[in-house]
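What follows is each chain in one-letter form.
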Amino acid sequence: MGILLKYMLLGLSLAAPIGPINAAQMDKGIRNGFWHAWMVGLGATTADAIYMALVYLGLVQFLDAPVIKSFLWLFGCFVLIYTGIESFQSAGVMVLSKKQGSEKTWRCFLSGFFMSLTNPLTILFWLGIYGSVLAETAAKYHSEKLFLISAAIFSGILLWDFTMALVASSFRRFLADSLLKLISRVSGLSLIGFGFYFGYQAFKFLWK
């Protein structure tokens, strides 16, 4: 049990650093409430599960090709800049109420999914961290134990996403409208900033 708790905490610490997913969750939670922010996190976690499976099965090497990486950087650049601009513009006309937002939750899910799926840093992240965990534990435990350890890491990530959605939706209830609009704009700008970073990385790969 102590080992599983250790790897759940690892999953929490891996998900905690501020990045595009956390910024998008904050924005969706402020504008639309808990379920929209939660769907962004679930979408991102679904992409994480795909990469975890690829690393577990040893099939992630083909994603390391420069052409694939460049495509992922460029597509991620488009997704982040588009989402950031949409977030920044809609913050100016944001109407806060007790009602849920009109945006479809499945769109939030797809937004989180593609943000995470097209982020080459996610690939490196899972290859480096999860690959190391597998290398360390494979020699000590049977495959059933490896599955439980993987599930513990995954549950830690889910717990963080749930917490982020809860915090963001709580801001919506307790903070002044003007401050919420400011936070939403800052979240949008951070997404645009991440998008330009992705574009810069894509051009670096293309011009090598």
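Residues numbered from 1 in each chain as written. Predicted model: local features only at pLDDT ≥ 70, side-chain atom pairs only at ≥ 80, totals over all residues. Heavy atoms only, no water.

Trainee: Can you help me understand the UniProt feature "transmembrane region" (unreviewed entry) in the chain in this one?
Mentor: Here, UniProt's "transmembrane region" (unreviewed entry) annotation points to residues 33-59, 71-89, 109-134, 146-170 and 182-200. Note that residues 146-170 is 100% helix and 0% strand, and that its end C-alpha atoms are spaced 36 Å apart. Helix makes up 100% of residues 182-200 and strand 0%. Its end C-alpha atoms lie 27 Å apart. (UniProt positions renumbered as here; feature names shortened; annotations may be inferred. Helix = DSSP H or I, 4+ residues; strand = E, 2+ residues; numbered from the N terminus.)

Trainee: What am I meant to see in the environment of Ala 152 here?
Mentor: Along the chain, the position of Ala 152 falls in helix H7 (residues 143-174). Judged by relative accessible area, Ala 152 falls into the buried class, the value being 7%. The spatial distance from the C-alpha of Ala 152 to the C-alpha of Gly 11 is 7.4 Å, given a sequence separation of 141 residues. Here Ala 152 is in contact with Leu 4, Tyr 7 and Met 8, once residues within four sequence places are set aside. (Buried < 20%, exposed > 50% of the residue type's maximum accessible area, 1.4 Å probe, protein only. Contact = heavy atoms within 4.5 Å.)

Trainee: What am I meant to see in the packing of aromatic side chains here?
Mentor: Two aromatic rings are characterised by how far apart their centres lie and by the angle between their planes. Under the criterion given, the structure shown has twelve aromatic pairs. For the ring pair Phe 71 and Phe 75, a centre distance of 6.0 Å and an interplane angle of 15° mean the geometry is stacked. One end of the pair is Phe 71 and the other is Phe 75, both in helix H4 (residues 66-91) and four residues apart, which spans about a single turn. Here Phe 71 falls in the exposed class, since its relative accessible area comes to 53%. By relative accessible area, Phe 75 is classed as partly exposed at 31%. (Phe/Tyr/Trp six-rings, centres within 6.5 Å; stacked < 30°, edge-to-face > 60°.)

Trainee: Honestly, the confidence of the model for the chain in this entry has me stumped. Any pointers?
Mentor: Close inspection of predicted coordinates is inappropriate in any region flagged by low pLDDT. Confidence along the chain averages 79 in pLDDT terms, with 82% of residues attaining 70 or more. Ranking the elements of the chain by mean pLDDT puts helix H6 (residues 120-138) last, at 71, and helix H5 (residues 105-117) first, at 91. Every residue in residues 95-100 is under pLDDT 50, and counting partners more than four places away or in other chains gives eleven contacts. (pLDDT = per-residue confidence, 0-100.)

Trainee: Honestly, helix H3 (residues 34-57) in this entry has me stumped. Any pointers?
Mentor: Residues separated by three or four positions in an α-helix point in the same direction, a consequence of the helix having 3.6 residues per turn. With 24 residues, H3 should reach 34 Å at 1.5 Å per residue; the first-to-last C-alpha distance of 34 Å fits that figure. Gly 58 sits one or two positions beyond H3 and adopts a positive phi of about 75°. (Expected span 1.5 Å × (residues − 1).)

Trainee: Help me understand the pattern of salt bridges in this model?
Mentor: Summed over the entire model, instances satisfying the criterion amount to one salt bridge. Taking the shortest distance from any N to any O, the salt bridge between Arg 31 and Asp 27 comes out at 2.9 Å. Within this pair, Arg 31 and its partner Asp 27 are both found in helix H2 (residues 20-32), separated by four residues, close to a single helical turn. Note on Arg 31: relative accessible area 12%, which makes it buried. Accessibility expressed as a relative area gives 1% for Asp 27, which makes it buried. (Salt bridge = Lys/Arg side-chain N within 4 Å of Asp/Glu carboxyl O.)

Trainee: Help me out: how do you make sense of the side chain of Ser 150 in this one?
Mentor: Within the fold, Ser 150 resides in helix H7. What makes Ser 150 buried here is its relative accessible area of 9%. Residue contacts for Ser 150: discarding those within four places in its chain leaves Met 52, Tyr 56 and Tyr 130.

Trainee: Teacher, can you tell me more about the nonpolar core here?
Mentor: When a protein is soluble and globular, its nonpolar side chains tend to lie buried together. Tyr 7, Trp 126, Tyr 130 and Ile 153 are the most contacted members of the largest nonpolar core, which totals 17 residues. Of all the secondary-structure elements, those providing two or more residues to this core are helix H1 (2-15), H3, H6 and H7. (Core = buried A, V, L, I, M, F, W, Y, C linked by side-chain atoms within 4.5 Å.)

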